[in-house]
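What the coordinates show
Listed below are the residues making up each chain.
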Amino acid sequence: MEERHHDGTLEWLERIPKVELHLHLEGAIPLDTLWTLVEKYGGTGDVPSLGALREKFVYRSFPQFIATWSWKNSFIREYEDFTLFSEAVARHLAAQGIRYAECFFSPGDFSRRNLSTSLIAEAIRGGLSKVPEIEVALIADLVRDFGPCRGERTLDEATEVRHLGIIGIGIGGSEQQYPPEAFTRVYKKAERLGFHTTAHAGEAAGAPSIWGALRSLGVERIGHGTRAFEDDDLVRYLGERQVPLELCPLSNVATGVVASLEEHPVARYFRLGLKVTVNTDDPAMFGTSLAGEYRALMRAFGLTREDIRKLILNAIESSWCSRGEKEKRAGEFSLHPSWKEEKGA
């Protein structure tokens, strides 16, 4: 539970309208909803209570986090489960003041249960559509662990149902084991099909992984990009080209990618003028929220409310909406009663 502060900063951060670009639907399932699924499928022997489930989401390393991710997904077995948790995620995001989100979903994780990408996407959209207060676009995560052939199949399946709001692709998973270059053909195909592209890079692997995503895959955005600082030329490139970074600071701390928030490069990148966006990644698995991310950055690095507004505008600008939609959303946000509020800053 996030601490409340006498100055009202967290409350302001919750009120102000926001955009999120790097969020995994399966990692954002509210714990009470996930507990419903655990009970449904008889998982209480492993986690006998909601408290035990919460304790399950503490990690010693990035590989352990991936293992916990797979364990969690074992309680998603039917299409109706996707509808259930997608609605719950959307309601949770809307309650935080998030107006627009681009969210990953990972259909390959469920192929072993003979669940199809098209029907998973339909089920997800069915849940999201019950919450009109937020607009959610979908990104198909090809999951690098399954290899490029399975990734291309997921791309083809996603193409058949792109009318359900699937606007892009990405590759998550075990970055340290599966470099991006193997997915070059898949990404070129996605580009020809008109999909936007991103890739997890610079999270569990270093700067060469980011270069691979940029040079071989031609991505528009970098998912994480935390370890770009390992290569000064890369940092300059990202700044000159204004490649959007989907940074997830508290996620990186939770999975051990960085030792502490104070050591995270997010503020350094921001002050160097890189196109920084702040996101939660898997908020239910890390006990975070977007407002909580911003509040943590303000406390750790002295970011101001003006800095937060800049980060939100960066997210709007880095989104895959049309130019007209971006301008409209930025205008609407600027007119929100909390946008220029400075009390307690």
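These notes cover the structure that comes with them. (Residues numbered from 1 in each chain as written. Predicted model: local features only at pLDDT ≥ 70, side-chain atom pairs only at ≥ 80, totals over all residues. Heavy atoms only, no water.)

Some details on the overall build of the chain
Secondary structure assignment for the chain yields 16 helices and 8 strands. Against the globule reference of 20 Å for 345 residues, the chain gives a C-alpha radius of gyration of 19 Å, in line with a compact fold. A total of 345 residues make up the chain; the buried ones form 60% of that total. Residue pairs at least 24 apart in sequence account for 76% of intrachain contacts in the chain once pairs closer than 6 positions are excluded. Of the accessible surface of the chain, which amounts to about 13,700 Å², a share of 51% is contributed by carbon and sulfur atoms. (Helix = DSSP H or I, 4+ residues; strand = E, 2+ residues; numbered from the N terminus. Rg over C-alpha atoms; globule rule 2.2 N^0.38 Å. Buried < 20%, exposed > 50% of the residue type's maximum accessible area, 1.4 Å probe, protein only. Contact = heavy atoms within 4.5 Å. Areas by Shrake-Rupley, 256 points an atom, 1.4 Å probe, with all protein chains shown as cover.)

Focus on the packing of aromatic side chains
Summed over all chains, the structure comprises 9 aromatic pairs. An angle of 80 degrees between the planes, with centres 5.1 Å apart, marks the rings of Trp71 and Phe75 as edge-to-face. Across from the ring centre of Trp211, 3.8 Å away, lies the NZ or CZ of Arg215, which sits over that ring. Looking at Arg268, its charged tip hangs above the ring of Phe229, at a distance of 5.3 Å from the centre. (Phe/Tyr/Trp six-rings, centres within 6.5 Å; stacked < 30°, edge-to-face > 60°. Lys NZ or Arg CZ within 6 Å of the ring centre and 35° of its normal.)

What about the environment of Pro48?
Inspection of the secondary structure assignment puts Pro48 in the loop between helix 2 (31–40) and helix 3 (50–56). For Pro48 and Val38, which are 10 residues apart along the polypeptide, the C-alpha to C-alpha distance reads 9.5 Å.

Some details on helix 14 (residues 290–301)
Here helix 14 spans 16 Å end to end across 12 residues, near enough to the 16 Å set by a 1.5 Å rise per residue. Within helix 14, 10 of the 12 residues are buried, which leaves the element mostly enclosed by the surrounding structure. Leu290, Ala291, Gly292, Glu293, Tyr294, Arg295, Ala296, Leu297, Met298 and Phe301 are the residues of helix 14 that are buried. Phi for Gly302, located one or two positions after helix 14, is positive at around 70 degrees. (Expected span 1.5 Å × (residues − 1).)

Some words on the layout of surface pockets
Reported here for the second largest pocket is a volume of approximately 320 Å³. Lining of the second largest pocket is provided by 21 residues; of these, Ile66, Trp69, Asp109, Val143 and Gly173 occupy positions nearest its centre. If you tally residues by element for the lining of the second largest pocket, the top one is helix 4 (residues 62–73), at 6 residues. Looking at the lining of the second largest pocket, its residues break down into 6 nonpolar, 8 polar and 7 charged. (1 Å grid on protein atoms, 1.4 Å probe; cavity = no way out; pocket = protein on both sides within 12 Å on 5 of 7 lines; lining within 4 Å. Points joined across faces, edges and corners; volume = space filled by probe spheres on them. Nonpolar A, V, L, I, M, F, W, Y, C, P; charged D, E, K, R; others polar.)

What to know about the environment of Met285
Within the fold, Met285 resides in helix 13 (residues 283–286). Residues Met285 and Phe65, 220 residues apart in the sequence, show an inter-C-alpha distance of 9.1 Å. Once residues lying within four places of it in the same chain are set aside, the contact partners of Met285 are Gly27, Phe57, Tyr59, Phe65, Thr68, Trp69 and Lys72.

Section: the pattern of salt bridges
Following the criterion strictly, the structure yields 19 salt bridges and no others. Across the pair Glu87 and Lys130 runs a salt bridge whose closest N-O atoms are separated by 3.7 Å. Residue Glu87 is found in helix 5 (residues 79–95), and its partner Lys130 is found in the loop between helix 6 (117–128) and strand 3 (135–141); the two are separated by 43 residues along the sequence. Put simply, Glu157 and Arg150 hold a salt bridge, and the shortest N to O gap is 3.2 Å. The structure contains a network of salt bridges with shared partners spanning Lys40, Glu78, Glu80 and Asp81. (Salt bridge = Lys/Arg side-chain N within 4 Å of Asp/Glu carboxyl O.)

So, the pairing of strand 6 (residues 221–224)
The pairing of strand 5 (residues 196–201) with strand 6 spans 4 bridges and is classified as parallel. Residue pairing in the sheet places Ala199 in a bridge with Ile222 of strand 6. For the handedness criterion, the β-α-β arrangement of strand 5, helix 9 (residues 207–215) and strand 6 is classed as right-handed. The sheet contact formed by strand 6 and strand 7 (residues 245–247) spans 2 bridges and is parallel. Its bridge partner lying in strand 7, Ile222 is registered against Leu245. As for the winding sense of the linkage, the β-α-β connection from strand 6 through helix 10 (residues 232–241) to strand 7 is right-handed. (Pairing = 2+ DSSP bridges. Right-handed = clockwise from strand over helix to strand, strands pointing away.)

From the geometry alone we can't say anything about function, so treat these as descriptive.
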